[in-house]
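# Topology and contacts: notes
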Amino acid sequence: MKLFKFIILSFFLGTLITDATAQEVPVYNFRQLEPLLNKRNDTTYVINFWATWCKPCVKEMPDLMKTNQKFKNGKFKMILVSMDFDIHLQTKVIPFINEQNIEADVILLNDSKQHEWINKVNEAWTGAIPITIIYNKDFYFFREGEITFSELNELITKNLKQ
């Protein structure tokens, strides 16, 4: 009986600890996401579209996290937009966030009308991921494909508002 109580207690404590460390990931459609792509203020934004099934996306994630860690205390905001299916939020996206110790904001984009919104993100975007957008009120950068920490660091350092 004591063993049974211990197992039950361990299960509930493990659940509480896991839930406390898990990041909440809101699910947006494009209409909800679009304002985040067009803020015109002194904050420098890094918006990265990625997915857990995308090898180049997974490969660049440590560089994105290193960048977020370096700049997060200034006028800087990183938003990671997951392109995973919403049914994979609990089974793939959140476990990936926890495994990678992702501290940046994560949003899951659930909008099947890509043909309507891809060009609204950027007219040069073919729909392939990853993509990274870096912008503030005076600067805009778009990259389809991987980006490195050194590239991120250079672009952000040159354009970060004090």
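Residues numbered from 1 in each chain as written. Predicted model: local features only at pLDDT ≥ 70, side-chain atom pairs only at ≥ 80, totals over all residues. Heavy atoms only, no water.

With that out of the way, let us pick up the overall build of the protein chain. On a plain count of helices and strands, the protein chain comes out with 6 helices and 6 strands. Listed N to C, the secondary structure of the protein chain is α-β-α-β-α-β-α-β-α-β-β-α in terms of helices and strands. Here the protein chain holds 162 residues, and the buried ones make up 41% of them. Excluding contacts between residues fewer than 6 apart, the proportion of contacts in the protein chain whose partners are at least 24 apart in sequence is 70%. Only carbon and sulfur atoms are counted for the fraction: they give 55% of the accessible area of the protein chain, which is about 9,600 Å². (Helix = DSSP H or I, 4+ residues; strand = E, 2+ residues; numbered from the N terminus. Buried < 20%, exposed > 50% of the residue type's maximum accessible area, 1.4 Å probe, protein only. Contact = heavy atoms within 4.5 Å. Areas by Shrake-Rupley, 256 points an atom, 1.4 Å probe, with all protein chains shown as cover.)

A separate point is the packing of helix H3 (residues 55-71) against helix H6 (residues 149-159). How two helices pack is summed up by the angle between their axes together with the distance between the axes. One can describe the packing of H3 onto H6 by two numbers: an axis separation of 9 Å at closest approach and a directional angle of 30°. If you check the angle between H3 and H6, you find them roughly parallel. Judged by the sense of rotation from one axis to the other, the crossing of H3 with H6 is right-handed. Note on element contacts: H6 touches H3 through Phe149, Leu152, Asn153, Ile156 and Thr157, opposite Asp63, Leu64, Lys66, Thr67, Lys70 and Phe71. Residue composition of the contact of H3 with H6, by class: 5 nonpolar, 3 polar and 3 charged. (Axes fitted to C-alpha atoms, helices over the stretch in contact; angles between N-to-C directions. Parallel < 35°, antiparallel > 145°, perpendicular 65-115°, else oblique. Left-handed = near helix turned anticlockwise from the far one by under 90°. Nonpolar A, V, L, I, M, F, W, Y, C, P; charged D, E, K, R; others polar.)

Glancing now at the side chain of Asn122. By the secondary structure assignment, Asn122 is in the loop between helix H5 (114-121) and strand E5 (131-136). At a separation of 2.9 Å, a polar atom in the side chain of Asn122 contacts the side chain of Tyr140. The contacts of Asn122, once residues within four sequence positions are left out, are Tyr140 and Phe142. (Polar contact = N/O pair within 3.5 Å; in protein donor to acceptor, adjacent residues only side chain to side chain.)

Applying the stated criterion across every chain yields a total of 8 salt bridges. Where Glu103 meets Lys72, a salt bridge forms, and the shortest distance between an N and an O atom there is 2.8 Å. Residue Glu103 is located in the loop between helix H4 (89-99) and strand E4 (105-109), and its partner Lys72 is located in the loop between H3 and strand E3 (76-82); the two are separated by 31 residues in the primary sequence. The salt bridge partner of Glu151 is Arg143, with a shortest N-O separation of 3.1 Å. Under the relative-accessibility criterion, Glu151 is labelled partly exposed at 27%. The structure contains a network of salt bridges with shared partners spanning Asp42, Lys75 and Lys137. (Salt bridge = Lys/Arg side-chain N within 4 Å of Asp/Glu carboxyl O.)

Right, let's get into H3. With 17 residues, H3 should cover 24 Å at 1.5 Å per step; its first-to-last C-alpha distance of 25 Å lies within 8% of that length. Of all bends in H3, the biggest is about 35°, found at Met61, and the proline Pro62 comes one to four residues later. Within the sequence span of H3, burial applies to Cys57, Glu60, Met61, Leu64, Met65, Thr67, Asn68 and Phe71. Looking at the buried positions of H3, the neighbouring elements they touch are strand E2 (44-50), E3, H4, E5 and H6. (Expected span 1.5 Å × (residues − 1). Bend = angle between axes of the 7 residues up to and from the residue.)

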